[in-house]
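Read off the chains here:
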Amino acid sequence: MGAREVGLPDVVPSGSLPSRVTIWEVGARDGLQNESTVVPVAVKLEFLSRLADAGLSVLEATSFVHPKWVPQLADAAELLSGLDARPGVSYPVLVPNERGLDRAIEAGVRHIAIFASATETFASRNLNRTLDSQFEMFEPTVKRALSAGMDVRGYVSMCFGDPWEGAVPRSQVVAVGERLLEMGCSQLSLGDTIGVATPGQVESLIEGFRDVTKLAVHFHDTYGQALSNTLAALRCGVTTVDSSAGGLGGCPYAESATGNLATEDLVWMLDGLGIETGVDLDKLVECSVWMAEQLGRPSPSRVVRALAK
Ligand code: HMG
Ligand code: MG
């Protein structure tokens, strides 16, 4: 049942909100990297195909990271060779370093994302680097990717809280993020990796950056704040939001990182606000119900549970 069927009119509240939001769907990467078992390539391919059928136009497909660090995505090359890429859909992949870039280029990738940490401990745990030395890995990678005509997104993880270091200073996050933008990243995704942020902190962080049009947000729903935080970001001028179909995911090296914001929960809110996304919510729910069956457990998304037939 959609918002219209339950008798709720679209209400566009006062305050500036965008007329359209781009959803950066991370389920196939951020979602599946966190599964305890390796999902077969054929299931991943069908998942991507169903997500495209539901109208999502950015599908983060996989990662070219060290296969020992994330065995769940060790099949990245095989996945891309079997992919039936749809016109109008982009399939970015995560790449941490030049070795990952070589593998991505070999697989025909055109759009990559590097992922930096805002904290010392997470840089060590996720990248085996220090806060400073992570840039020595990213700089040549981004340079080569750009000269090959690729588009590069930058992520910053642990933007608000870090399970080992506690509250993360805003200046530290802005310094890491601005450095990725200076390197040539076309967009910066601000990650609340452990899902602790609240809306005022989101506004404050966004205000710390020079150009809001370059920002995207990536919320995890650990404390149930992901949608409120998203709304706060939209009011600040952000128009790209990361989410994961069915609320799949987390991060393998972040203690207490539960699921990403569910794409269905996001689309329900955006539909209700009259903000276009191009997503067919019924088809997306069908996709997540199917995926939940493959994984053998129900989706944590409230909207999937409410709408599942
Ligand atoms: P390292 O061990 O320091 O790597 O790992 P190294 O550079 O010392 O190389 C050691 C060996 O690994 C070499 O092989 C390399 O060739 C090989 P050898 O010469 O010994 O035979 N190697 C690779 N092989 C395949 N693919 C590669 C690769 N790189 C090196 N790309 C590294 C450093 C960065 C590779 C490792 O730490 C790693 O793979 N980390 C990835 C962790 C990860 O994927 N985490 C999840 C994504 S981040 C996230 O989810 C957060 C996000 O969603 C935002 C948010 O929620 O906030 C994005
Ligand atoms: Mg994440």
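The structure displayed is predicted, hence computed values, not measured ones. (Residues numbered from 1 in each chain as written. Chains lettered and ligands numbered in written order. Predicted model: local features only at pLDDT ≥ 70, side-chain atom pairs only at ≥ 80, totals over all residues. Heavy atoms only, no water.)

### Observations concerning the environment of Asp221
As for its position among the elements, Asp221 is in the loop between β10 (215-219) and α9 (226-235). A C-alpha to C-alpha distance of 13 Å links Asp221 and Glu264, two positions 43 residues apart in sequence. At 3.0 Å, the side chain of Asp221 forms a polar contact with the backbone nitrogen of Ala226. (Helix = DSSP H or I, 4+ residues; strand = E, 2+ residues; numbered from the N terminus. Polar contact = N/O pair within 3.5 Å; in protein donor to acceptor, adjacent residues only side chain to side chain.)

### Considering the layout of surface pockets
Roughly 290 Å³ of volume is contained in the second largest pocket. Taken together, 16 residues make up the lining of the second largest pocket; nearest its centre are Asp221, Asp265, Pro300, Ser301 and Arg302. The set of elements that each furnish at least two residues to the lining of the second largest pocket consists of α9, α10 (263-272) and α12 (302-307). When its residues are assigned to classes, the lining of the second largest pocket shows seven nonpolar, six polar and three charged. (1 Å grid on protein atoms, 1.4 Å probe; cavity = no way out; pocket = protein on both sides within 12 Å on 5 of 7 lines; lining within 4 Å. Points joined across faces, edges and corners; volume = space filled by probe spheres on them. Nonpolar A, V, L, I, M, F, W, Y, C, P; charged D, E, K, R; others polar.)

### Quick word on the nonpolar core
Counting residues in hydrophobic clusters, the biggest one holds 97 residues, and the most contacted among them are Phe47, Val93, Ile112, Phe138, Leu180 and Met291. Considering every element that reaches this core, the biggest residue donor is helix α11 (residues 281-295), with seven residues. Filtering out sequence-adjacent residues up to four positions away, Leu180 remains in contact with Ile114, Ala116, Phe135, Phe138, Gly154, Tyr155, Val156, Cys185 and Leu188. (Core = buried A, V, L, I, M, F, W, Y, C linked by side-chain atoms within 4.5 Å. Buried < 20%, exposed > 50% of the residue type's maximum accessible area, 1.4 Å probe, protein only. Contact = heavy atoms within 4.5 Å.)

### As for the packing of aromatic side chains
Inspection of every chain in the model, using the stated rule, returns two aromatic pairs. Between Phe122 and Trp164 the ring centres are 6.3 Å apart and the planes differ by 20°, which places this aromatic pair in the stacked class. You can see Phe122 sitting in helix α5 (residues 120-127) and its partner Trp164 sitting in the loop between β7 (161-162) and β8 (166-167), a full 42 residues away along the chain. Here Phe122 falls in the buried class, since its relative accessible area comes to 1%. (Phe/Tyr/Trp six-rings, centres within 6.5 Å; stacked < 30°, edge-to-face > 60°.)

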